Amino acid sequence: MFWSGVRQVLRPTLPGLLPRTWSPASVTSRNVRGFSAVFTRDTLPRVGVSPSNSKAIPVSVTTTRLPKGQPLAATPVVARCYVSQDIQPNIQIGSLSKDDTRRIVSVTWSDGKRREYPFPWLLDNCLCSDCYHVESQGRLLPFDQLDITAHPESVESINGGDTLRVSWNRRHHSDFDSHWLRSVKFDQKPPDDVALTTPTLWGAEITESLPRFEFRDVVSDDQALFDFLKAFYEFGIVKIEKTPAEPRQIPIIAKRIGPMRETSFGLLQPLKKGGNQVEELDPDRALSYTTKALQLHTDMSCLYETTYMAFFHCIKSSNCKGGDSIYADGFRAAEMLRREDPDAFQMLTTNQQEFRLVGAEPHVGDFDHRCFHFPIKLDHFGRLKAVHYSTHARTTAMFMPVDDVQPMYNALQVFAKLLESPENAYYVKLQGGEMIVVNNHRVLHGRTPFKDSGERHLELGYVDWDHVTSRMRVLQRKLSDDKM
């Protein structure tokens, strides 16, 4: 019962790092990166970490018996998974100082490295049982009750320099693992192996280097799924081969990642002549339901939250000439534009356009979606975040000074020519059983016209951004644990 209770508290804190059933013996043989925890119950485990190297940290467990009935608030409760990019062996806190004027605590380590931590940040990140909920790893104290003017009475290093203790009063202490604290930098983005993946830009040469995976591997093997998601995140386009050439295969692979995103076209959209054929609806109500060409575009720019991971599954290819799929890396074209025509790049990153989609589908009836987006969207660091581009969905609205209209058209056309250029556009005629998965925030897609044979049939479905990155982090922890 005792270890069962400990397990329930620890597992939410270290998903994938601790076995489902463990005892003191199994814990002492495990290696966990940067974990520090102190629990308070009548009998509690103390998990202490003393890094011996930056890759594996031996974990030891001891138990301490508290006086019966001692209130939990009187003793700090610490439980957090500290994943540090700056853990170094045998580095402890060397000296401390507290500056009440600047309202900071300065920590100097034994190797001379120094960091500063503001008072309100230290209090806001306190892990005591009154401030922090161990199981959900979230704060408990309402922010309007946080005393952002508080001054600590004292600061000290304990546990041989492995812990910083900030005492706010006699009963309230905040303990911080010094090795995790050392990794905190206020002047840069926190480390995140998934979110910091650098995109690999590509052009028409992707024909030779397109990442490829087999359907059965991705749906059955976690390592293959992780490799698939990692390649998708890096390139924005991946091919899945040997997929059964029959409808409703996308949900099978999508459920390995997260819930599918439903749009006005449904959970799955049939890309074929007539679409969802219903007698009372026009079979040509959507351009994708015709045999006409589709210019390069991103999907659903008419929505505030545009779709992200797009699955194009070919069930049957057209035997006639045409019907080739086209893909282009919008990030590569945008970077070329930034370099070759800075004025055009500035125009497309600072002026929004309106996109609209109207239609009707059996399960939702009539719809009319409209939204404004920057054709090229940057994050606050100036890095590319998304491309929103669709000539057929762009409305007539142009909310800009009349003298800027001509420069806007100039910029759009320069960008369009870059996207459509032979060095950037990748053409492929998908065959039955092939699936292309693209990052709809980055990779544009289209198709060439084809004869009215009624044969070409693809299905389209989506999974949102957050489910992709979440699954990557979960798999990363799980696979790392399996290798220990």
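Above this note sits the structure.
Residues numbered from 1 in each chain as written. Predicted model: local features only at pLDDT ≥ 70, side-chain atom pairs only at ≥ 80, totals over all residues. Heavy atoms only, no water.

Draft legend 1. Inspection of the overall build of the protein at higher detail. In terms of helices and strands, the protein carries 12 helices and 27 strands. Expressed as a percentage of its 484 residues, the buried residues of the protein come to 50%. For the protein, contacts bridging at least 24 residues in sequence account for 71% of all contacts bridging at least 6. (Helix = DSSP H or I, 4+ residues; strand = E, 2+ residues; numbered from the N terminus. Buried < 20%, exposed > 50% of the residue type's maximum accessible area, 1.4 Å probe, protein only. Contact = heavy atoms within 4.5 Å.)

Draft legend 2. Local environment of the packing of helix α10 (residues 342-350) against helix α11 (residues 405-420). Viewed as axis vectors pointing N to C, α10 and α11 meet at an angle of 105°, and their least axial separation amounts to 9 Å. Judged by the angle between their axes, α10 and α11 are roughly perpendicular. Contacts between α10 and α11 pair Ala344, Met347 and Leu348 from the former with Pro407, Met408, Ala411, Leu412 and Phe415 from the latter. (Axes fitted to C-alpha atoms, helices over the stretch in contact; angles between N-to-C directions. Parallel < 35°, antiparallel > 145°, perpendicular 65-115°, else oblique.)

Draft legend 3. Summary view of the nonpolar core. Core analysis: the biggest nonpolar cluster contains 29 residues, and Phe228, Leu229, Ile257, Met309, Phe311 and Val468 have the highest contact counts within it. Here this core gets seven residues from one element, more than from any other, and that element is helix α7 (residues 222-235). Of all hydrophobic cores here, the second largest spans 26 residues; its members include Ala333, Met408, Ala411 and Phe415. (Core = buried A, V, L, I, M, F, W, Y, C linked by side-chain atoms within 4.5 Å.)

Draft legend 4. Highlighting the sheet that holds strand β17 (residues 294-297). What the four strands build is an open sheet, ordered β17-β26-β19-β24; its pairing is antiparallel. With partners counted over all chains shown, the strands left at the sheet margins are β17 and β24 (426-428), one partner each. Going across the sheet, the axis of each strand differs from the next one's by a mean of 15°, ignoring polarity. Of the strand pairs in this sheet, strand β19 (residues 325-329) and β24 are connected by three bridges, and their pairing is antiparallel. Across the sheet, residue Tyr327 finds its bridge partner in β24, namely Tyr426. Helix-sheet contacts for helix α9 (residues 330-340) involve β19 and β26 (443-447), and the interaxial angle to β19 is about 45°. (Pairing = 2+ DSSP bridges.)

Draft legend 5. Examining the sheet that holds strand β7 (residues 114-118) more closely. A sheet is described by the order of its strands in space; here three strands give the open sequence β5-β6-β7, paired in antiparallel fashion. A strand with exactly one partner marks an edge of an open sheet, and here the two such strands are β5 (93-99) and β7. Taking the axes of each pair of neighbouring strands and ignoring which way they run, one obtains an average angle of 20° across the sheet. As defined by bridge partners, strand β6 (residues 104-109) adjoins β7 across five bridges and the pair is classed as antiparallel. The residue of β7 that forms the bridge with Ile104 is Pro118.

Draft legend 6. Local environment of the packing of aromatic side chains. Using the criterion set out here, one finds 14 aromatic pairs in the structure. Taking the centre distance of 6.4 Å and the plane angle of 20° together, the rings of Trp121 and Phe176 count as stacked. One end of the pair, Trp121, is in helix α3 (residues 119-124); the other, Phe176, is in strand β12 (residues 173-177), and 55 residues separate them in sequence. Residue Trp121 shares its accessibility class with Phe176, and that shared class is buried. Aromatic pair Tyr308 and Trp465: ring centres 5.1 Å apart, planes at 70°, arrangement edge-to-face. (Phe/Tyr/Trp six-rings, centres within 6.5 Å; stacked < 30°, edge-to-face > 60°.)

Draft legend 7. Structural context of the pairing of strand β21 (residues 365-373). Across nine bridges, strand β20 (residues 353-361) lies against β21 in antiparallel orientation. Following the sheet pairing, Gln353 is matched in β21 by His373. The loop that links β20 with its antiparallel partner β21 comprises three residues.

Draft legend 8. Structural detail: unusual backbone geometry. One non-glycine residue, Asn159, lies in positive phi territory at about 55°. The topology assignment puts Asn159 in the loop between β10 (154-158) and β11 (163-167). With a phi close to 65°, Arg248 is a non-glycine residue in the positive phi region. Relative to the elements of secondary structure, Arg248 occurs in the loop between β14 (237-241) and α8 (250-254).

Draft legend 9. How the structure looks around the environment of Gly236. Position of Gly236 relative to the elements: it lies in the loop between α7 and β14. A residue is classified by how much of its surface remains accessible, and Gly236, at 0% relative accessible area, is buried. Sequence separation between Gly236 and Met309 is 73 residues; the distance between their C-alpha atoms is 8.9 Å. The residues contacting Gly236, other than those within four sequence positions of it, are Ala231, Val437, Val438, Asn439, Arg442 and Val443.

Draft legend 10. Quick look at α11. Taking 1.5 Å of rise per residue, the 16 residues of α11 would be expected to cover 22 Å, and the 23 Å separating its terminal C-alpha atoms lies within 8% of that figure. Inspection of α11 places Met408, Ala411, Leu412, Phe415, Ala416, Leu418 and Leu419 among the buried residues, and these make up the whole buried set. One side of α11 carries all its buried residues, which in axial view fall inside an arc of 160°. Of the residues in α11, the exposed ones pointing more than 90 degrees away from the buried face are Gln406 and Lys417. (Expected span 1.5 Å × (residues − 1). Arc of directions from axis to C-beta.)

Draft legend 11. Quick peek at α10. Ala344, Phe345, Met347, Leu348 and Thr349 are the residues of α10 that are buried. The secondary structure elements touched by the buried residues of α10 are α9, β22 (376-378), β23 (384-387) and α11.

Draft legend 12. Up close: the environment of Val443. Following the sequence through the fold, Val443 ends up in strand β26. Separated by 144 residues in the primary sequence, Val443 and Asp299 place their C-alpha atoms 9.9 Å from one another. Leave out the neighbours within four places in its chain, and Val443 touches Trp202, Phe235, Gly236, Thr298, Tyr327, Ala328, Gly330 and Val438.

Draft legend 13. Representation of the packing of α9 against α10 in the model. Running from N to C, α9 and α10 point in directions that differ by 125°, and their axes come no closer than 5 Å. Relative to α10, α9 is oriented oblique. Seen from α9, the contacting residues are Ala334, Leu337, Arg338, Arg339 and Glu340; seen from α10, they are Pro342, Ala344, Phe345 and Leu348. Considering only residue class, the contact of α9 with α10 consists of six nonpolar, no polar and three charged. (Nonpolar A, V, L, I, M, F, W, Y, C, P; charged D, E, K, R; others polar.)

Draft legend 14. How the structure looks around the side chain of Thr307. Within the fold, Thr307 resides in the loop between β17 and β18 (309-316). Those residues in contact with Thr307 that sit more than four places away from it in its chain are Arg261, Thr263, Asp299, Met300, Asn440, His441, Tyr462 and Asp464.

Draft legend 15. Quick peek at the pattern of salt bridges. The tally for this structure, following the rule as stated, stands at 21 salt bridges. Across the pair Arg212 and Glu241 runs a salt bridge, and its minimum N-O distance is 3.4 Å. Taken together, the residues Arg212 in strand β13 (residues 212-214) and Glu241 in strand β14 connect sequence positions 29 residues apart. Using a relative accessible area of 37% as the deciding quantity, one classes Arg212 as partly exposed. Put simply, Arg356 and Asp368 hold a salt bridge, and the shortest N to O gap is 2.8 Å. Highlighted residues: Arg356 in strand β20 and Asp368 in strand β21, separated in sequence by 12 residues. (Salt bridge = Lys/Arg side-chain N within 4 Å of Asp/Glu carboxyl O.)

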